[in-house]
2 protein chains.
Amino acid sequence: MKNKATSFDIAHMAGVSQSTVSRALNDSPLVNIETRRKVQEIARQLNYKVDKNASNLRRQRSSTIALLLFEDPTSDDSMINPFFLSMLGSITKASASRGYDLLVSFQNLDSDWHAEFEDSHKADGIILLGYGDYRSYEGKLTQLQEQGTHIMRWGAPVAEYPGISIGCDNFQGGKDVTEHVLSLRQGNFAFIGDVGDKAPEFQARYEGYLQALEQHSGTSVASVQIDAISAESAGIDAAQQLLERHTPLPDAIVCAADIIAVGVLKTLKAAGVQVPADVAVVGFDNIQLSAFTTPSLTTVQQNTIQAGEALVENLLRAIEGEQTTDYLMPATLIVRQSCGCESNE
Amino acid sequence: MKNKATSFDIAHMAGVSQSTVSRALNDSPLVNIETRRKVQEIARQLNYKVDKNASNLRRQRSSTIALLLFEDPTSDDSMINPFFLSMLGSITKASASRGYDLLVSFQNLDSDWHAEFEDSHKADGIILLGYGDYRSYEGKLTQLQEQGTHIMRWGAPVAEYPGISIGCDNFQGGKDVTEHVLSLRQGNFAFIGDVGDKAPEFQARYEGYLQALEQHSGTSVASVQIDAISAESAGIDAAQQLLERHTPLPDAIVCAADIIAVGVLKTLKAAGVQVPADVAVVGFDNIQLSAFTTPSLTTVQQNTIQAGEALVENLLRAIEGEQTTDYLMPATLIVRQSCGCESNE
DNA sequence: CTGAAAGCGCTTACAG
DNA sequence: CTGAAAGCGCTTACAG
């Protein structure tokens, strides 16, 4: 059995027409139950599977979702933010369970992404993932949308960005974690993470942070903000900057992402600064690593399973022609030891 | 521009036949350079992309690689071994750079994997990933092979398993890390990890471990072995067992995977056992987490970038009809602090 | 309930 | 160098 079987082979064996085979295999009600059983039984014996290329070509759809994972080019090449890896896992499962293939591709702002972008042409819909600046892709994405491709984006809703956005409540999460720190700390605060238009998720977290500080202003709280993209190295750079230029050190450092906090912790440790004794540090994302840093990191959890489900579910709805809208999922504060408070971990 | 452009649209605009458009876009030397340029220019303007379904159907190939990631059902559902997530990243990049799509699917031994397995029918080749027991899949995989699908497997070469295997030198890695421990420790040793036929990678590591012990037998070294699949929870169970039944505790614990070691460290810590003072612990894989445990974990690195490249490269060679054979890549000892030795990390 | 036939958008002998 | 035509394996009106 060198060549894969076709529906004609089955038709021949079952003594029916190829049309009937096709109907039987697609569980069409138009086919006699006996005939259907016979056809399906033969198909199973032959290990027959429908040729997706032919089927999709004929049906004029692809049964495929493209996942474009954007990474900032400046981040370490070797290490994708584990948070997105985790999202990748949940999106894979969510699409598989709905009978859709997932075409994964990594977009890198400085590579020849045009080539990789081709994937998106083979898909009924696209999921965008990454703490990235989508504006540079706007042209291509808009063009795809005009050609009927649906786009779902993980992150904060931004009117100018393409597609519908689903994200966690970054504002509330930033506020919650900052309030937690405020309940334990006084003094100067620092926020590490980009806060411009190009980083809407970080910006929302920053705004939550600012509001918490403001509402707490019985005690006056000073704040500095230092830019950092989503990468350990950026956290190291930012912490270095803090150590060099800001004396005394802030009493608490709120990081826009766990992976940044990891770099911050490393740098502080190397400089002999005690966490949480000298300074409290918190992150965002609840990556696996955050439970293992020393001290373990207080952070905000985004439910990746639920997020993957929501992205796929809404994308498929959009493909079916239903109306979908932006929405936010709740974020959960995870208290660990990096603020010096009690913890059950 | 609601509908995607076809080659006929371009043919019309360029004033040539559709055949010529197809040739021009495939860089056929049979087409006039002027004509080719004109066609390609129009294609770019229209944001035209070849319909892969049609193209693959005609060419009778798929330009797709299926990645089947096997997980043991007993492992925590939420957490895929980060080592394989890292492999996933490198395989994705390696296939993209060669113009192949990657269809990712997670196989779970206890789920209805038949459904997910269908993916493999759409692929020119399959990459198998996971510390899994492939024997239960043998029937399906053999059938695919007979139908002309090429299979590449990450792991130790096992004659009965389907496909060509590429892996790291688990034996040497196991031996190296054990010798390192032996250079610092005397006394009783324990190995945690499955060592049966169903876990050939772990078994090879175990054999390296045994050989190191044997060659060192100037000092007599006692050894126990405890089963554990590749999961943190399995490490916790195994360490618990060690604590309950083995007094005194071994002086060194060699774990078959980092993720097992993470569970072991956690359990020892909870029991008040000091690492490395009371007992040395080492792992295997060099997952990101291993640098962040307390103490940081001495382990063996498998080069995932190189591994992904090798898997894809060899798979494509096999698809082209070239002969390929099993082979091993070197594994590198990474010394950290969990054995109490000096470290530069 | 079933079959004969058209056609999805390409690639590629074949003929010029 | 170019074009007309066949055909990849399906799905689905259309006719019975």
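Let me sum up the structure you'll find in this document. (Residues numbered from 1 in each chain as written. Chains lettered and ligands numbered in written order. Predicted model: local features only at pLDDT ≥ 70, side-chain atom pairs only at ≥ 80, totals over all residues. Heavy atoms only, no water.)

Per the stated rule, a full pass over the model turns up 17 salt bridges over all chains. Notably, a salt bridge pairs A:Arg98 with A:Glu309, separated by 2.8 Å at the nearest N-O pair. With a gap of 211 residues between them, A:Arg98 in the loop between helix 5 (82-96) and strand 2 (101-108) and A:Glu309 in helix 12 (residues 304-319) connect regions that are remote in the sequence. The partner of B:Glu232 in a salt bridge is B:Lys266, with the nearest N and O atoms 2.6 Å apart. With a gap of 34 residues between them, B:Glu232 in helix 10 (residues 232-245) and B:Lys266 in helix 11 (residues 258-270) connect regions that are remote in the sequence. B:Glu232 sits in the buried class, given a relative accessible area of 9%. For B:Lys266, a relative accessible area of 42% puts it in the partly exposed group. Salt bridges sharing partners connect three or more residues here, namely A:Arg98, A:Glu309, A:Glu313, A:Arg317 and A:Glu322. (Salt bridge = Lys/Arg side-chain N within 4 Å of Asp/Glu carboxyl O. Helix = DSSP H or I, 4+ residues; strand = E, 2+ residues; numbered from the N terminus. Buried < 20%, exposed > 50% of the residue type's maximum accessible area, 1.4 Å probe, protein only.)

In the vicinity of DNA strand D lie 27 residues, with A:Gln18, A:Ser22, A:Arg58, B:Arg23 and B:Arg58 positioned nearest. Taking all atoms of DNA strand D within 4 Å of the protein, the share assigned to sugar and phosphate is 56%. At 2.9 Å from a base nitrogen of DNA strand D is found a side-chain nitrogen or oxygen belonging to A:Arg23. One nitrogen or oxygen atom from the main chain of B:Ser17 is found 2.9 Å from a phosphate oxygen belonging to DNA strand D. Of all the secondary structure elements, the ones that give two or more residues to the surface near DNA strand D are helix 2 (18-25) and helix 4 (52-59) of chain A together with helix 2 (18-25) and helix 4 (52-59) of chain B. Counted by class, the surface near DNA strand D contains 8 nonpolar, 13 polar and 6 charged residues. (Near = heavy atom within 4 Å. Polar contact = N/O pair within 3.5 Å; in protein donor to acceptor, adjacent residues only side chain to side chain. Nonpolar A, V, L, I, M, F, W, Y, C, P; charged D, E, K, R; others polar.)

We now examine the relation of the copies chain B and chain A. The two chain copies are related to each other by a rotation about an axis together with a translation along it. With an RMSD of 0.1 Å, the operation that places chain B on chain A is a rotation of 180° combined with a shift of 0.1 Å along the axis. Such values leave the two copies arranged in the relation of a two-fold axis. Considering only C-alpha atoms, the residue of chain B closest to the rotation axis is B:Asn53, which sits at 2.2 Å. Of the residues that chain B buries at the interface, 100% are likewise interface residues in chain A, meaning the two copies contact each other through the same surface. (Least-squares fit on C-alpha atoms with pLDDT ≥ 70 in both. Contact = heavy atoms within 4.5 Å.)

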